Amino acid sequence: MKMSYLLAIIACLCFTTCLLAANERPTVYVTFWFDTEDFILPQADDAAKRLAEMFIKRNVKATFKIVGEKAKVLEERGRDDVIMALANNDVAYHSTFHSVHPTPSEYSRDLSWHEGVSEFIRREGVGLEILRAVFGVNASCYGQPGGSWTPQSYAALHAFDIPLYLDDTSHVNVNDRPFWYCGILTILELGDGVMRTRWTDEEVKQACAKFDRVHEKLIGEGGGIISIYYHPCEFVHRQFWDGVNFSHGANPPRSEWKMTPMKPKEQQEQAFHAFETYLDHIVNHPDVRLVTAREIPSLYPDRVYSRPLTQSDVRTIAKAFQKRLSYVVLDGKIVSAAEGLLALSTFVAGIDTNPKPKEIKLEFAYGPASAPQRFVTDGTFRWEAIQQAARETLDIVHATKQLPSLIWVAGEPMRLEDFAVTLASLITEERYSGDIPLRKGELEAKKYVADDSPRLWGWVIFPKGFNAPRMMEVAKLQSWTMKPALLRKQ
Ligand SMILES: [Zn+2]
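Residues numbered from 1 in each chain as written. Predicted model: local features only at pLDDT ≥ 70, side-chain atom pairs only at ≥ 80, totals over all residues. Heavy atoms only, no water.

Draft legend 1. Examining the overall build of the chain more closely. The secondary structure content of the chain amounts to 17 helices and 18 strands. What you see for the chain is a C-alpha radius of gyration of 26 Å, in line with the 23 Å of a compact globule of 490 residues. Relative to its 490 residues, the chain shows a buried fraction of 54%. Contacts spanning at least 24 positions in sequence make up 78% of the contacts within the chain whose residues lie at least 6 apart. A total of about 21,100 Å² of accessible surface is found on the chain, and carbon and sulfur atoms cover 54% of it. Of the side chains in the chain, 57 bear a positive and 62 a negative charge, and the two mean positions are spaced by 3 Å. (Helix = DSSP H or I, 4+ residues; strand = E, 2+ residues; numbered from the N terminus. Rg over C-alpha atoms; globule rule 2.2 N^0.38 Å. Buried < 20%, exposed > 50% of the residue type's maximum accessible area, 1.4 Å probe, protein only. Contact = heavy atoms within 4.5 Å. Areas by Shrake-Rupley, 256 points an atom, 1.4 Å probe, with all protein chains shown as cover. Lys, Arg positive; Asp, Glu negative; His and termini not counted. Charge placed at Lys NZ, Arg CZ, Asp CG, Glu CD.)

Draft legend 2. Seen up close, the coordination of the zinc ion. For the zinc ion, the protein coordination sphere consists of Glu37 (OE), His94 (NE2) and His98 (NE2), at 2.0 to 2.1 Å. In primary-sequence terms, the residues that donate to the zinc ion follow E-x56-H-x3-H. For His94, a relative accessible area of 0% puts it in the buried group. According to the relative accessible area criterion, His98 is buried, its value standing at 4%. (Donors = N, O, S within 2.8 Å, 3.2 Å for Na, K, Ca; no water.)

Draft legend 3. Main features of the packing of helix H8 (residues 201-220) against helix H10 (residues 265-283). Orientation of H8 relative to H10, taken along the N-to-C sense of each, is 25°, at an axis distance of 10 Å. With respect to each other, H8 and H10 are oriented roughly parallel. As H8 packs across H10, the resulting crossing turns out to be right-handed. Taken together, the residues of H10 that come into contact with H8 (itself represented by Asp201, Val204, Ala207, Cys208, Phe211 and Asp212) are Gln270, Ala274, Thr277, Tyr278, His281 and Ile282. Here the contact of H8 with H10 is composed, by residue class, of seven nonpolar, three polar and two charged. (Axes fitted to C-alpha atoms, helices over the stretch in contact; angles between N-to-C directions. Parallel < 35°, antiparallel > 145°, perpendicular 65-115°, else oblique. Left-handed = near helix turned anticlockwise from the far one by under 90°. Nonpolar A, V, L, I, M, F, W, Y, C, P; charged D, E, K, R; others polar.)

Draft legend 4. Main features of the pattern of salt bridges. Summed over all chains, the structure comprises 37 salt bridges. Glu269 is paired through a salt bridge with Lys265; the nearest N and O atoms lie 4.0 Å apart. With Glu269 and Lys265 both in helix H10 and four residues apart, this pair spans about one turn of that helix. Note that Glu417 is salt-bridged to Arg415, the shortest N-O span being 3.5 Å. Across the pair, exposure class does not vary: Glu417 and Arg415 are buried alike. (Salt bridge = Lys/Arg side-chain N within 4 Å of Asp/Glu carboxyl O.)

Draft legend 5. Representation of the sheet that holds strand S18 (residues 483-484) in the model. An order of S4-S6-S5-S18 is seen for the four strands of this open sheet, with the pairing classed as mixed. The strands lining the two open edges of the sheet, one partner per strand, are strand S4 (164-166) and S18. Summarising the sheet, strand S5 (residues 179-181) and strand S6 (residues 184-187) pair through three bridges and their orientation is antiparallel. By the bridge assignment, Tyr181 is partnered in S6 with Ile184. (Pairing = 2+ DSSP bridges.)

Right, dumping it as structure tokens:
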């Protein structure tokens, strides 16, 4: 009796220790997403349904990024079964027409920031309305068709009430991890954290081994996210539907759209089988949780807006800006260069108020819409003029939700970068009177936005020789808003 009592205590202690050990292991989140876009080949509908049901059968969910025209043809074809299977997973958005020209980068190529935002809302809002009507929910995320990325789409996502950008492209990237751009949580390139399997048994084995390797690496980082994506149509076709019809700028009328050739039946089965084996490997892996796009924003809270900044945060930002004008890591949160500038402006604006503001609350602001051509390059400015300029900056942001393209200080136009570093130096030196020298700054965060180059525009659907230098300059202005996203502690 006594012995069994002792054994029970030992067993109980072991169990508790095991539980504690299990709880200490971080979680690796895995998000599966499917660009559900082929609105020409009807067999792609069945492929989407089969994949959607694989997840439901395992009590997990994937994200289906659906093209507006695809949602429309599912209704027209009477495919309620497919719609229900997708709706039982997570519904996201993937543009109105995908590859029908002009695609988003094509029509945004030479537009200003504001023109590009309204044109994206006008064109892509159509498909989103169809998606919402067919599925009865708003999209959980957006990702661009092919490589057709635009900076203005991010402001449109705010208008669409879509909090996440999920795709895989190299136009913007912060350290191969989730990040913020224009106030939208963004998951694109994740280094080796974007993965998939091909179809042979050997390829599945290699893909599972890679998953294990990357999983262990992310556990070492305290957790992270893995992104795995496919297109339902690629399980059944031999060539992409849009390559067949819309390559290199081709834009045939609907009556001339061709169906892509199908894979032989056994190859289709092999593809589904390979994917299912891979999925089982991941679902049954310890320390893994599958998440949909709808769940991801809650994993990456932006505490800059949920907790005010302190005076000590402001001094940290001021010091950091003098070394590099980019995001700044604070205790438990990260400010972008734009948020840092607004924190410094708020601090300076309140310097002679009594009592001094202890807490600094920020409003979100986009980066500037344009870059100034004419601006002051040296000289000194009265403290009162700088403080007045800081107050005006806050007024402009309050009215427009956007940083101004330049700051007027005592009637002189000053670059935003120079204003930020000038504020940083006067705060560090505590010079709140007299003449303040202009300090020069460069926005280091620009390096997180790619330069225009043929590498960005390799999507076969673009017209030959396509580029977008002006659009990438507009994109760089938004690097004021870029910063890594912090994973919630587990
Ligand atoms: Zn696509």
